[in-house]
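# Chain and residue survey
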Amino acid sequence: MHFQWYPGHMTKARRMMQEDIKLIDLIIELVDARVPLSSRNPDIDQLGQNKSRLILLNKSDLADEKYNKQWSQYFKEKGYFVASVNARNGDGLKSINSVIQQACKEKIERDRKRGILNRPVRAMVAGIPNVGKSTFINSYAKKACTKTGNKPGVTKGKQWIRLNKSLELLDTPGILWPKFEDQAVGLRLAFIGSMKDELLNTEELALELIGFLVKQYSGVLSARYGLDEQEDRFGVLKDIAENRHCIQSGGKLDTEKAANMLLDEFRNGKLGRLTLEFPE
């Protein structure tokens, strides 16, 4: 499979971010805790040079806790401020205020010396599609400020949100980058739903996921679907179809329906807490 998705609105969004970056003190970058490296847009590093940086490992409740800790350490060693959060239920959000103050300590100190008091920190919320930026903003603000949806491309334009007298957030659309040098990155982003499923062969995608899970998380599929895990990935998909009664008229197994269901259950955490890439 070849993975690529870079519609025109992403070019426009990137240009917009480039223009707004001069107004910003801090970039809050959301990544998916299941694929922390693959879900980082390299353009954001380029745009955010000389800015304070905070990485939020979002959807941390869906990722393997052991690897959440390792990834957190990995990014701290690279010089980022880091927090693990679950934007959907608000876990980890209380600690963010103090992390933001810490990340912008120099800026706040500089303002104080110039006699500028109570100027809010301006933070850009950035990330690829479907990592939960809008959900994070709504949970953090404790009110519905932005439109959310469990699919890529819901936020189309920028929006300033004043949270309190000390913090303003700029919500930005999710953007990918024009070309994946490594197609394994594209595969992982397809797994978590950061590309439109209509552009993908979901059956092939499910077979790749089965291969990964049998190798790295042995027993997960047999526990969920009551099957014997085996080398034959298509055999496993057929067993899932049979177990979940995905049957076409005429009694033929509907493996496409089973593939969609497997991807959906993985994305929603029904297979357990799983991480798809590991720190070096």
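Just so it is clear, the structure is predicted and the values come from calculations on it, not from any experiment.

Attention now goes to the overall build of the chain. Along the backbone of the chain there are eleven helices and six strands. Burial status across the chain gives 51% buried among its 280 residues. When contacts within the chain are restricted to residue pairs at least 6 apart in sequence, those whose partners lie at least 24 apart make up 69%. When the accessible area of the chain is evaluated, it comes to approximately 13,800 Å², of which 46% is carbon and sulfur surface.

Right, let's talk about the packing of aromatic side chains for a bit. Counted by the stated rule, this structure contains eight aromatic pairs. Centre to centre, the rings of Trp-71 and Phe-75 are 5.9 Å apart; their planes meet at 25°, and the pair counts as stacked. One end of the pair is Trp-71 and the other is Phe-75, both in helix H3 (residues 65–77) and four residues apart, which spans about a single turn. Taking 6.2 Å as the distance between ring centres and 85° as the angle between the ring planes, the aromatic pair formed by Phe-75 and Tyr-80 counts as edge-to-face.

Next up on the list: the side chain of Arg-267. Its place among the elements puts Arg-267 in helix H11 (residues 255–267). Among the polar contacts listed, one links the side chain of Arg-267 to the backbone oxygen of Phe-191, at a separation of 2.8 Å.

For helix H4 (residues 96–103), the set of buried residues is Ile-96, Val-99, Ile-100 and Ala-103. One face of H4 carries all of its buried residues, which in axial projection span an arc of 100°.

Close contact between helix H10 (residues 233–243) and H11 brings their axes to 9 Å; oriented N to C, the two are set at 90°. Regarding the angle of H10 to H11, the classification is roughly perpendicular. Within the contact between the two elements, H10 uses Phe-234, Leu-237, Lys-238, Ile-240 and Ala-241 and H11 uses Thr-255, Ala-258, Ala-259, Met-261 and Leu-262. Partitioned by chemical class, the residues of the contact of H10 with H11 number eight nonpolar, one polar and one charged.

Attention now goes to H10. Those residues of H10 lying buried are Gly-235, Val-236, Leu-237, Ile-240 and Ala-241. Where H10 is buried, its residues touch helix H8 (202–216), helix H9 (220–225) and H11. Two or three places before Phe-234, at the start of H10, stands the capping residue Asp-232, its side-chain oxygen 3.2 Å from that residue's backbone nitrogen. Just past H10, the residue His-245 takes up positive phi, approximately 55°.

Looking at the element boundaries, Ile-192 is found in helix H7 (residues 183–192). Sequence separation between Ile-192 and Gly-251 is 59 residues, and the spatial gap between their C-alpha atoms is 31 Å. Residues within four places of Ile-192 in sequence aside, it is in contact with Asp-32, Arg-34, Val-35, Asn-130, Phe-266 and Arg-267.

About the thresholds
- Residues numbered from 1 in each chain as written.
- Predicted model: local features only at pLDDT ≥ 70, side-chain atom pairs only at ≥ 80, totals over all residues.
- Heavy atoms only, no water.
- Helix = DSSP H or I, 4+ residues; strand = E, 2+ residues; numbered from the N terminus.
- Buried < 20%, exposed > 50% of the residue type's maximum accessible area, 1.4 Å probe, protein only.
- Contact = heavy atoms within 4.5 Å.
- Areas by Shrake-Rupley, 256 points an atom, 1.4 Å probe, with all protein chains shown as cover.
- Phe/Tyr/Trp six-rings, centres within 6.5 Å; stacked < 30°, edge-to-face > 60°.
- Polar contact = N/O pair within 3.5 Å; in protein donor to acceptor, adjacent residues only side chain to side chain.
- Arc of directions from axis to C-beta.
- Axes fitted to C-alpha atoms, helices over the stretch in contact; angles between N-to-C directions.
- Parallel < 35°, antiparallel > 145°, perpendicular 65-115°, else oblique.
- Nonpolar A, V, L, I, M, F, W, Y, C, P; charged D, E, K, R; others polar.

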